[in-house]
Amino acid sequence: MEWLNTLLQGVLLGGLYAMFAAGLSLIFGVMRLVNIAHGDLIVLAAYIALVTVQALGVNPIVSLIVVVPAMAAIGYALQRGVLNRTLGDDLLPPLLVTFGLSVIIQNGLLELFTADSVKLNAGAIEVQSLPVGGGLAIGVLPLLQFLLAVAVIGGLQWLFYRTALGRAFRATSDDQAVAQLMGLNNAHVFGLAMALSLAIVAIAGVLLAVRANFDPAIGPARLIFGFEAVIIGGLGSMWGTLAGGVILGVAQTIGAQLDPGWNLLAGHIAFLIVLALRPEGLFPKVQG
Amino acid sequence: MPERLLEVRALDAHYGDFQALFGVSMTLAAGEVAAVIGANGAGKSTLLRCIAGAMRLRADAIVFDGEPVGDQPAHAMVARGVALVPEGRRLFPSLTVEENLQIGGQLGRPGPWNLKRVYELFPILAERRHQPAPSLSGGQQQMVAIGRALMSNPRLLLCDEISLGLAPIVIRDIYAQLPRIVAEGISLIIVEQDIVQALKTARQVTCLQEGRVSLQGDASTLTREKISAAYFGV
C-alpha cells in the first residue's frame, strides 16, 4: 500500500514536471531555440506571484490572473526585442544569449529578494485531501496541479491541431522561409510562441511556489527536470511530454521511498536509461 | 487599376559577395502574362524572389501598384497581393493539404479565391484534403502549391518552374488551368525551362543570361534563332 501511495504521488508530481517541460518543448518545436533560461523564468514567475500576493492580498491561485498575462507579455517582448535577433542557421547564439539571460535573472532576483527561501501560502487547500480508500489519500493541491497539467497539455494539443495559430506554428516550424513567403510574419509568430510558453511557465511557477520553498538559485534544476521530461517523452509529442513528466516524477518518488537521498538520483537514472535504450524518446512524433 | 502593375527598375541582387542580377528591368501590365526564361543559374528564381520580397533591395528597385516596395519583407508583399509558387513546391510537410491551403489564406485578403474555388479548379485536392501534403503525387503537390498561393487572393502570381520534375501530361493539365486563373484578373509571371510552354502561355518574354537581360519582347515577334542566341549566348 505504501508503494501504491508512492506511485500515486509520483504521478501527481509528474504533472508539475510536464508543465516545466511543455513550454520548453513548444519553443524548441516552433523555432529550434533551446531556452536555457526556462528554469529561471519559472522562478521569476514565482516571484511575480509573491509580489502580487503581497500587494493584493489574494490567494496564490488567484494571482494567476496577474502572473499569466504578465509572463506572456514578458515572453512576447523578450522574443521580439532580443531572441529573434539570435535566430538563424546556427543553434549556438540563442543558447548563449539565454544562458546569459539565466545569469541576469538569477542575480537580479538575488538583488531584489535576497537568497532567503520563501513560499507562497495557499491556505487550507494545501493540507486538504481526498480519501480514496484503503488508507490512501490524494492531496487536493497535487491533484489540482496534475489536472491543470492535463488541461494545459490538452489545450496545447488542441491549439496546435485545431486553430489557425497552431497551423501557423507548425508551418513556421516546417519551413521558416516559405512561411514568410506565404504571408506569415515569423517575428510575430515566434513572439506569440514565446508568450504562450511563458504563460505556461507562469502556471508552473505559481504551483512550484505553493508546493515548496523557492529561492533565486533553484531555476537550473527545474530546467533539468523539464529537459528530462521532454526527452523521456520524445520531442514534438505533447502527450509524450506528460508521460515523460510522470515517469520522471514516479522515478523520483520511488527513489526517495528507498532512501531519501536517492530522490534526484533515481530521476536522473530513469532519464539515462531511456536515453540509452530509446534516444528518440518513448513517444516520438510520427513523421508524416 | 493602373496601367502598370509591376515595374522592376535596374535591379541588382546579391547573395553575400556574389551578384546574381545586374540591372534587370521589366514591366508588367495588370492582367498580363509574362515569362522569364534562361539557363540554369541565369537568375530567374532570384528575380522572382526579389519581387516576392524575399531579398532586401533598395526601395525603388521594385514598384508595385505605383509604390516603391523593394525594401518590404515577404509577408508584407503577400498582404499587398504578390504570391509566389516556389520552385520545388515547398509544401509544409507536417500539414494536411487543406491546412497548406489555409496557410495561404491566413491573411484574409478579400477576393474570389477560397477553399471551395481551389477545389473546383483542382477537384482531386478535395478528395485528398485531409491527407498529409507529402503523401500526394508530384503533380498534385504542385496543384496544392498553386492553390496555396491563390488562397492569398494575389493580384500578381509568380510561378517558379511549375513543370519541374512532372510528367508532360500532368504539366499540360496544370497549364490548362492557368487561363482560368488569369481570367480572374490576376497577372502572372512564369519562370520556365520549357521554352515552348513559356512562349505558348505568355505574351511577353524576358530572357536572362548570367544575371542580365539578354532578350526582351513580345512573344509573337521572337524567333527561335533570337531566343537560342539569347538563351545560350552563342
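All of these numbers come straight from a predicted model, not from anything done at the bench.

(A) The arrangement of the overall build of chain A in detail. The helix and strand inventory of chain A stands at 11 helices and two strands. Listing every helix and strand of chain A by position from the N terminus yields α-α-α-α-β-β-α-α-α-α-α-α-α. For 288 residues, the compact-globule estimate of 2.2 N^0.38 gives 19 Å, and chain A sits close to it at 19 Å. If you line up chain A on its principal axes, its C-alpha atoms span 60 × 45 × 30 Å. In chain A, buried positions account for 49% of the 288 residues. For chain A, the share of sequence-separated contacts (at least 6 apart) that also reach a separation of at least 24 residues comes to 75%.

(B) Representation of the pairing of strand S1 (residues 4–15) of chain B in the model. All names here are of chain B. Pairing of S1 with strand S2 (residues 18–29), which is carried by eight bridges, proceeds in the antiparallel orientation. Residue pairing in the sheet places Ala13 in a bridge with Leu21 of S2. Relative to strand S4 (residues 62–64), S1 runs antiparallel, the two sharing three bridges. The residue bridging Val8 from the neighbouring strand is Ile62, located in S4.

(C) Summary view of the packing of helix H10 (residues 238–258) of chain A against helix H11 (residues 263–277) of chain A. Residues and elements named next belong to chain A. Close contact between H10 and H11 brings their axes to 7 Å; oriented N to C, the two are set at 135°. In terms of axis orientation, H10 runs oblique to H11. Crossing angle aside, the handedness with which H10 passes H11 is right-handed. Of H11, the residues touching H10 (which contributes Ile247, Leu248, Ala251, Gln252, Ile254, Gly255 and Ala256) are Asn263, Leu264, Leu265, Ala266, Gly267, Ala270 and Phe271.

(D) Highlighting the sheet that holds strand S3 (residues 33–38) of chain B. Residue and element names in this part refer to chain B. Taking strand neighbours across the sheet as the criterion, the six strands line up as S6-S7-S8-S3-S9-S10 in an open arrangement whose pairing is mixed. In this open sheet, the two edge strands, each paired with only one partner strand, are strand S6 (82–85) and strand S10 (212–218). Looking at each pair of strands side by side, their axes are set apart by 15° on average, direction ignored. With six bridges connecting them, strand S9 (residues 204–209) and S10 associate as antiparallel partners. Bridge pairing in S10 places Thr206 opposite Gln216.

(E) Region of interest: unusual backbone geometry. Residue and element names in this part refer to chain B. Here the phi dihedral of Arg89 falls at roughly 70°; this positive angle occurs in a residue that is not glycine. Mapping Arg89 onto the fold places it in the loop between S6 and helix H3 (97–104). Accessibility expressed as a C-beta count within 10 Å gives 24 for Arg89, which makes it buried. One non-glycine residue, Glu161, lies in the positive phi region at around 50°.

(F) The arrangement of the environment of Gly147(B) in detail. Structurally, Gly147(B) can be placed in helix H6 (residues 138–150). Separated by 142 residues in sequence, Gly147(B) and Leu5(B) have C-alpha atoms that sit 22 Å apart.

(G) Representation of the nonpolar core within the structure. Ranked by size, the top nonpolar core spans 162 residues in total, and within it Ala45(A), Ala46(A), Ala202(A), Ile203(A), Val206(A) and Leu158(B) carry the most contacts. Here this core takes 18 residues from helix H8 (residues 186–211) of chain A, the largest share from any one element. Excluding residues within four positions of it along the chain, Val206(A) makes contact with Ala45(A), Ala46(A), Ala49(A), Pro60(A), Ser63(A), Leu64(A) and Val67(A).

(H) Just the interface of chain B and chain A, in detail. Taken together, the contacts link 23 residues of chain B with 15 residues of chain A. Going through the elements one at a time, helix H2 (74–80) and H3 of chain B are the ones with two or more residues in the side of chain B that touches chain A. Here the residues of the side of chain B that touches chain A sort into 14 nonpolar, six polar and three charged.

(I) Just the packing of helix H3 (residues 64–81) of chain A against H8(A), in detail. All names here are of chain A. Running from N to C, H3 and H8 point in directions that differ by 145°, and their axes come no closer than 7 Å. Crossing angle aside, the handedness with which H3 passes H8 is right-handed. Classifying every residue of the contact of H3 with H8 gives 19 nonpolar, four polar and one charged.

(J) Spotlight on the sheet that holds S2(B). Taken in spatial order, the four strands of this open sheet run S2-S1-S4-S5 (chain B), and their pairing is antiparallel. With partners counted over all chains shown, the strands left at the sheet margins are S2 and strand S5 (67–68) of chain B, one partner each.

(K) Inspection of the environment of Val150(A) at higher detail. Residue and element names in this part refer to chain A. With respect to the helices, strands and loops of the structure, Val150 is situated in helix H5 (residues 140–162). Look at Val150 and you get partly exposed, because 14 C-beta atoms sit within 10 Å. Setting aside residues no more than four positions away along its own chain, Val150 makes contact with Gly15 and Leu242.

(L) Local environment of the pairing of strand S7 (residues 156–160) of chain B. Residue and element names in this part refer to chain B. Buried residues dominate S7, accounting for five of its five residues. Taking every second residue as pointing to the same face, both faces of S7 are buried, with Leu156, Leu158 and Asp160 on one and Leu157 and Cys159 on the other. Summarising the sheet, S6 and S7 pair through four bridges and their orientation is parallel. Bridge pairing in S7 links Ala83 to Leu157. Pairing of S7 with strand S8 (residues 187–192), which is carried by five bridges, proceeds in the parallel orientation. Within the sheet, the bridge partner assigned to Leu157 lies in S8 and is Leu188. Crossover connection from S7 via helix H7 (residues 168–182) to parallel S8: handedness right-handed.

(M) Here's a closer look at the environment of Ile51(B). All names here are of chain B. Residue placement: Ile51 occurs in helix H1 (residues 44–51). We classify Ile51 as buried; it has 26 C-beta atoms within 10 Å. Separated by 54 residues in the primary sequence, Ile51 and Gly105 have C-alpha atoms spaced 20 Å apart. Look past the residues within four positions of Ile51 in its chain and what remains in contact with it is Leu6, Val8, Ile62, Val82 and Leu158.

(N) Representation of helix H1 (residues 2–31) of chain A in the model. Residue and element names in this part refer to chain A. For H1, with 30 residues, the first-to-last C-alpha span of 44 Å sits near the 44 Å given by 1.5 Å per residue. Along H1, the sharpest change in direction is near 25° and occurs at Ala21. Summarising burial for H1: 21 of the 30 residues are buried, a large majority. Taken from the residues just after H1, Arg32 is the one with a positive phi, measuring 55°.

Criteria and thresholds
- Residues numbered from 1 in each chain as written.
- Chains lettered and ligands numbered in written order.
- Predicted model: local features only at pLDDT ≥ 70, side-chain atom pairs only at ≥ 80, totals over all residues.
- Helix = DSSP H or I, 4+ residues; strand = E, 2+ residues; numbered from the N terminus.
- Rg over C-alpha atoms; globule rule 2.2 N^0.38 Å.
- Buried ≥ 20, exposed ≤ 12 C-beta atoms within 10 Å, placed from the backbone.
- Contact = placed C-beta atoms within 7 Å.
- Pairing = 2+ DSSP bridges.
- Axes fitted to C-alpha atoms, helices over the stretch in contact; angles between N-to-C directions.
- Parallel < 35°, antiparallel > 145°, perpendicular 65-115°, else oblique.
- Left-handed = near helix turned anticlockwise from the far one by under 90°.
- Core = buried A, V, L, I, M, F, W, Y, C linked by C-beta atoms within 7 Å.
- Nonpolar A, V, L, I, M, F, W, Y, C, P; charged D, E, K, R; others polar.
- Right-handed = clockwise from strand over helix to strand, strands pointing away.
- Expected span 1.5 Å × (residues − 1).
- Bend = angle between axes of the 7 residues up to and from the residue.

Geometric descriptors of this kind do not, in isolation, establish any biological role.
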